[in-house]
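Each chain, letter by letter, is given below.
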Number of protein chains: 2
Amino acid sequence: MSTPPLRLGIAGLGTVGAGVVKIVRQKAALLAERTGREIVITAVSARNRDKDRGVPMGDYAWEDDPVTLATRDDVDILVELMGGSDGPAKAATEAAIAAGKDVVTANKAMLAHNGQALAMQAEKAGTVLRFEAAVAGGIPVVKALTEGLAGNEITRVMGVMNGTCNYILTRMEDGGLSYDAAFAEADALGYLEADPDLDVGGIDAAHKLAILSAIAFGTQVDFASVELEGIGAVSIDDIRQAADMGYKIKLLGVARMTGRGLEQSMAPCLVPATSPLGQLQGGTNMVVIEGDQVGQVVLRGAGAGEGPTASAVIGDVMDIARGLRISTFGQPAARLAQARPAKVATPAPYYLRLALLDKPGALAKVATALGDAGVSINRMRQYDHVADTAPVLIVTHKTTRAALDASIEGMLQTGVVARPPVVLRIEEV
Amino acid sequence: MSTPPLRLGIAGLGTVGAGVVKIVRQKAALLAERTGREIVITAVSARNRDKDRGVPMGDYAWEDDPVTLATRDDVDILVELMGGSDGPAKAATEAAIAAGKDVVTANKAMLAHNGQALAMQAEKAGTVLRFEAAVAGGIPVVKALTEGLAGNEITRVMGVMNGTCNYILTRMEDGGLSYDAAFAEADALGYLEADPDLDVGGIDAAHKLAILSAIAFGTQVDFASVELEGIGAVSIDDIRQAADMGYKIKLLGVARMTGRGLEQSMAPCLVPATSPLGQLQGGTNMVVIEGDQVGQVVLRGAGAGEGPTASAVIGDVMDIARGLRISTFGQPAARLAQARPAKVATPAPYYLRLALLDKPGALAKVATALGDAGVSINRMRQYDHVADTAPVLIVTHKTTRAALDASIEGMLQTGVVARPPVVLRIEEV
């Protein structure tokens, strides 16, 4: 091969970084065969030089400072695996781009917060910034959306993209655990981020959704506009009642382009138990893409872990080795339209769980409040009283969130419900 | 944009061809925005010039002969959508390559039979030959395997890749139809190829499997070695009995690299009813890829139809517009190893349905024949006699096909079974 080797500088040697080093070492021949170019590591950087990472690091130059690593003459691609939306990750990425180097990153927070600025810098410098590993781990969804389905106008992207949340919800469902018990179990297994709110608050998954939205709809990443609700308020009661009516509860991200603008939400939703999303168990991720030509494409796989995430990083590196030089979000960054965020208002069926007080005519008043707001009932169940309230479940026909909120306002005014109801959207899949 | 337009010559204006023309016409701005290059059609070719295809063809030069189309000076990419393993499709493809043009095709038969030769020609000429639409329609599975998961050593590829067969099996299952009735229904709906054996004989799906194998394992396409069995012998009895034991019957393609060589089979198999493959209904396709790093990735979507197939063709065209110049099967054609075909011998559980004659000790003799061949029984059920035989169902523990065949030989010799049993592999997913 006459082409010189492609030289990687890896910043961040945690689980994923070590995984990338292992693949480059162990699969050198395979990578060269498939790309027509030798891929080597020249330098690495991490916080702790002396840690045993299960793979020899002595062959590579060591840099304490990732920015210095990023600008080394013998580095062609910065592989940024440190994480964090700003700080060293962003500094190293910017330094690499300024030095005319390509960047491969797994950093969803950085892209969700600074993706547009970085894409603009990369475009100006003529460098490539790729991030398959940032969304849904090993599933090649960024590639599918940016390239394979590029001839489609995308109508909706959705997915379960935080394995920890899906693990917790699955354990509540299968094991009958309370949220707190399932959370504690996930924690004991080491599934939670240092700041658990990134997981259970839905922030990590929302980062990923905002990135997919940008590619799908040709808009600038707009993480701030994602309507965000974590899984902390999901109760075992709702899990059970939903199951009873043929649904599962998932932390579901949905991005949809509407006449009013871009809707993005990351919130617990009901999906049919028999749908691919409903069938998803444990830590697995799933992304559903809907295009005007292709219809619905579903991608499923491991959303995290050393092997899957390293696989995605290496895929990006191999693309660059093969000469693919694609715009960060699939089209020139300067032409990405500013997203016009819209409140989630696409009509959908909703699930309501009410605590009905033991008063004459209480159920009639609830039904009247719904009817007055134009919300029609698909299914309703009242259960036996627990203490002084009776649980009432309602599945509505398709309605807007505004009409639903008006009906709830009406119910609360009648004084027949003990507290505001639990409200979950039912996403049609 | 300073780059000159990318000019397509489309050979074949059936459903997919018309779909491609529509997308290029209607989405010109989108395609240019995403690729940085204008994509235009300059010339077309088909058998019947006068047919109404629902989209105006008058803007394009007409060629009666696809080979002439392929070599026109104003064509950069031949889009081959005629079909057929040889004949005009191959002639036009070879002519285009010889003239230094890139080729995008949806032609699985041509690739299954002539893929290696064409890849060699393209490599020598420095042209690109792409074929996303040839496998599983709109699902970007060729891209996933060739690019996104390129850092993996693939251990198994499998899938349901013929929508017509899956439709027939689903109708037998849901509608309680006989094979003949479900076949007639599919025929009436226009789902069957002119030669139905391409569908129900498993040939079409086997073409696709052989192509995926080549990419997955870096071997030359070896369609001739696929162990092939269609769905014609699947009975409603087996569908029901399988369901009763928690399985579905699918026409499943499985390719696996073993120490003995490459196993490729396309045959009716049992899969767990709750697995993603088991859940697949109707005409949808699914491909499952297993890699040493990524674990299991599942891709699901429409396997045929105008929009999905055209979406895949356009994806390939856009890749070329973006400058991606990748080897046909993901690595240089000259280095693809000749596949070393191996009979399917990886141990698996098997499903047997026997017609047991009403003789004393008959069941014991069957059990003995299994035991003598080293086949152990996981589950066995005997049902009431129908006429002079009793249906007996057996699910074995993992065993080799050779041991199973020996046990069947033994059973037949005892004279207690009325005929050779139905044998279906249970593929673990």
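Residues numbered from 1 in each chain as written. Chains lettered and ligands numbered in written order. Predicted model: local features only at pLDDT ≥ 70, side-chain atom pairs only at ≥ 80, totals over all residues. Heavy atoms only, no water.

An unreviewed UniProt entry lists chain A under the name Homoserine dehydrogenase, from Citreimonas salinaria. Looking at the Sequence similarities (unreviewed entry) heading of the UniProt record, one finds this comment for chain A: "Belongs to the homoserine dehydrogenase family." (UniProt positions renumbered as here; feature names shortened; annotations may be inferred.)

Here we take up the overall build of chain A. Looking only at helices and strands, one finds 14 helices and 16 strands in chain A. A compact globule built from 429 residues would reach a C-alpha radius of gyration of about 22 Å, and chain A, at 24 Å, matches this within 12%. Seen along its three principal axes, the alpha-carbon backbone of chain A occupies a region of about 85 × 45 × 35 Å. Scored against the burial criterion, the 429 residues of chain A give a buried share of 60%. Intrachain contacts of chain A at a sequence separation of at least 6 include 73% that bridge at least 24 residues. The averaged location of the 49 negative side-chain charges in chain A is 3 Å from the averaged location of its 40 positive side-chain charges. (Helix = DSSP H or I, 4+ residues; strand = E, 2+ residues; numbered from the N terminus. Rg over C-alpha atoms; globule rule 2.2 N^0.38 Å. Buried < 20%, exposed > 50% of the residue type's maximum accessible area, 1.4 Å probe, protein only. Contact = heavy atoms within 4.5 Å. Lys, Arg positive; Asp, Glu negative; His and termini not counted. Charge placed at Lys NZ, Arg CZ, Asp CG, Glu CD.)

A separate point is the sheet that holds strand β1 (residues 6-11) of chain B. All names here are of chain B. Pairing is parallel in the open sheet, where 6 strands are placed in the order β3-β2-β1-β4-β5-β6. Of all the strands in the sheet, the pair left with one neighbour each is β3 (61-63) and β6 (129-130). Examined bridge by bridge, β1 and strand β2 (residues 39-45) share 6 bridges and lie parallel to one another. Within the sheet, the bridge partner assigned to G9 lies in β2 and is A43. (Pairing = 2+ DSSP bridges.)

What follows deals with the pairing of strand β2 (residues 39-45) of chain A. Residue and element names in this part refer to chain A. In terms of residue burial, β2 counts as a mostly covered element, since 6 of its 7 residues are buried. Looking at chain direction, β2 and strand β3 (residues 61-63) are connected through 3 bridges and run parallel. By the bridge assignment, A43 is partnered in β3 with A61.

Now for the interface of chain A and chain B. Many analyses report the size of an interface as the accessible area lost when the parts associate. On the chain B side, the residues contacting the 49 residues of chain A number 49 residues. The junction of chain A with chain B conceals about 4,100 Å² of combined surface from both sides, 49% of it contributed by carbon and sulfur atoms. Taken together, the connections running from chain A to chain B amount to 8 salt bridges. Taking the shortest distance from any N to any O, the salt bridge between B:R335 and A:E33 comes out at 3.2 Å. Applying the counting rule to chain A against chain B returns 20 residue pairs in polar contact (both at pLDDT 80 or more). Listed by contribution, the elements that provide at least two residues to the side of chain A that touches chain B are α2 (28-35), α6 (141-148), β12 (295-302) and α12 (306-321) of chain A. A breakdown of the residues in the side of chain A that touches chain B according to their chemical character gives 21 nonpolar, 16 polar and 12 charged. Both β12(A) and strand β12 (residues 295-302) of chain B contribute to a ladder of 3 bridges, which runs antiparallel. Looking at the pairing, A:R300 lines up with B:V298 of β12(B). (Buried area = accessible area lost by both parts, 1.4 Å probe. Salt bridge = Lys/Arg side-chain N within 4 Å of Asp/Glu carboxyl O. Polar contact = N/O pair within 3.5 Å; in protein donor to acceptor, adjacent residues only side chain to side chain. Nonpolar A, V, L, I, M, F, W, Y, C, P; charged D, E, K, R; others polar.)

What follows is about the UniProt feature "active site" (unreviewed entry) in chain A. Residues and elements named next belong to chain A. In this numbering, the UniProt entry assigns the feature "active site" (unreviewed entry) to K208. Structurally, the position occupied by K208 is in helix α10 (residues 203-217). If we ignore the near neighbours within four places in the chain, the residues touching K208 are K108, A134, V135, A136 and M161. A distance of 2.7 Å separates a polar side-chain atom of K208 from the backbone oxygen of M161.

Residue and element names in this part refer to chain A. The assigned domain composition of chain A is domain 1 (6-134), domain 2 (141-302) and domain 3 (350-426). Put simply, the middle of domain 1 and the middle of domain 2, counted by C-alpha atoms, are 28 Å apart. Contacts between the two partners involve 10 residues from domain 1, matched on the other side by 13 residues from domain 2. Summing both sides of the interface, domain 1 and domain 2 together bury roughly 1,000 Å²; the carbon and sulfur share of this comes to 63%. Together, K108, A112 and E132 form the three largest contributors to the area buried by domain 1 at its contact with domain 2, with a combined 44%. Across the domain 1-domain 2 interface, the total number found is 1 salt bridge. In this structure, E147 engages R130 in a salt bridge whose closest nitrogen and oxygen atoms are separated by 3.7 Å. Counting across the interface, domain 1 meets domain 2 through 4 residue pairs in polar contact (both at pLDDT 80 or more). (Domains from an automatic or database assignment.)

This part is about unusual backbone geometry. Among all residues save glycine, negative phi is the norm, and among peptide bonds the norm is trans. The phi dihedral of A:A136 is positive, around 60 degrees, even though this residue is not glycine. Among the structural elements, A:A136 can be located in the loop between β6 (129-130) and α6.

Here the focus is the relation of the copies chain A and chain B. The relation between the two chain copies is a rotation about an axis coupled with a shift along that axis. You can overlay chain A on chain B at an RMSD of 0.0 Å; the transform is a turn of 180 degrees with a shift of 0.0 Å along its axis. The relationship between the two copies is best expressed as a two-fold rotation axis. The overlap is high: 100% of the interface residues of chain A also sit at the interface in chain B, so the same surface is used on both sides. (Least-squares fit on C-alpha atoms with pLDDT ≥ 70 in both.)

All names here are of chain A. With respect to topology, 6 strands assemble into an open sheet ordered β3-β2-β1-β4-β5-β6, the strand pairing being parallel. Each having just a single partner strand, β3 and β6 make up the two edges of the open sheet. Inspection of the sheet shows strand β1 (residues 6-11) paired to strand β4 (residues 77-80) by 4 bridges, in the parallel sense. Following the sheet pairing, I10 is matched in β4 by V79. Lying on the sheet, helix α4 (residues 87-98) is in contact with β4, β5 (102-105) and β6; it crosses β4 at an angle near 170 degrees. (Axes fitted to C-alpha atoms, helices over the stretch in contact; angles between N-to-C directions.)

On to the UniProt feature "binding site: NADPH" (unreviewed entry) in chain A. Residues and elements named next belong to chain A. In the numbering used here, UniProt assigns the feature "binding site: NADPH" (unreviewed entry) to K108. Mapped onto the secondary structure, K108 falls in helix α5 (residues 108-125). Once residues lying within four places of it in the same chain are set aside, the contact partners of K108 are A134, D204, H207, K208 and I211.

Residue and element names in this part refer to chain A. Where α2 contacts α12, the two axes come as close as 9 Å, and the packing angle between them is 45 degrees. Classified by the angle their axes make, α2 and α12 are oblique. Once α2 is placed against α12, the crossing between them reads as right-handed. Between α2 and α12, the contacting residues are L31, R34 and T35 on the first element and I314, M318 and A321 on the second. Looking at the contact of α2 with α12, its residues break down into 4 nonpolar, 1 polar and 1 charged. (Parallel < 35°, antiparallel > 145°, perpendicular 65-115°, else oblique. Left-handed = near helix turned anticlockwise from the far one by under 90°.)

Once that is clear, we can look at the side chain of B:T309. Position of B:T309 relative to the elements: it lies in helix α12 (residues 306-321). Here B:T309 is in contact with B:V16, B:A106, B:A133, B:G137 and B:A304, once residues within four sequence places are set aside.

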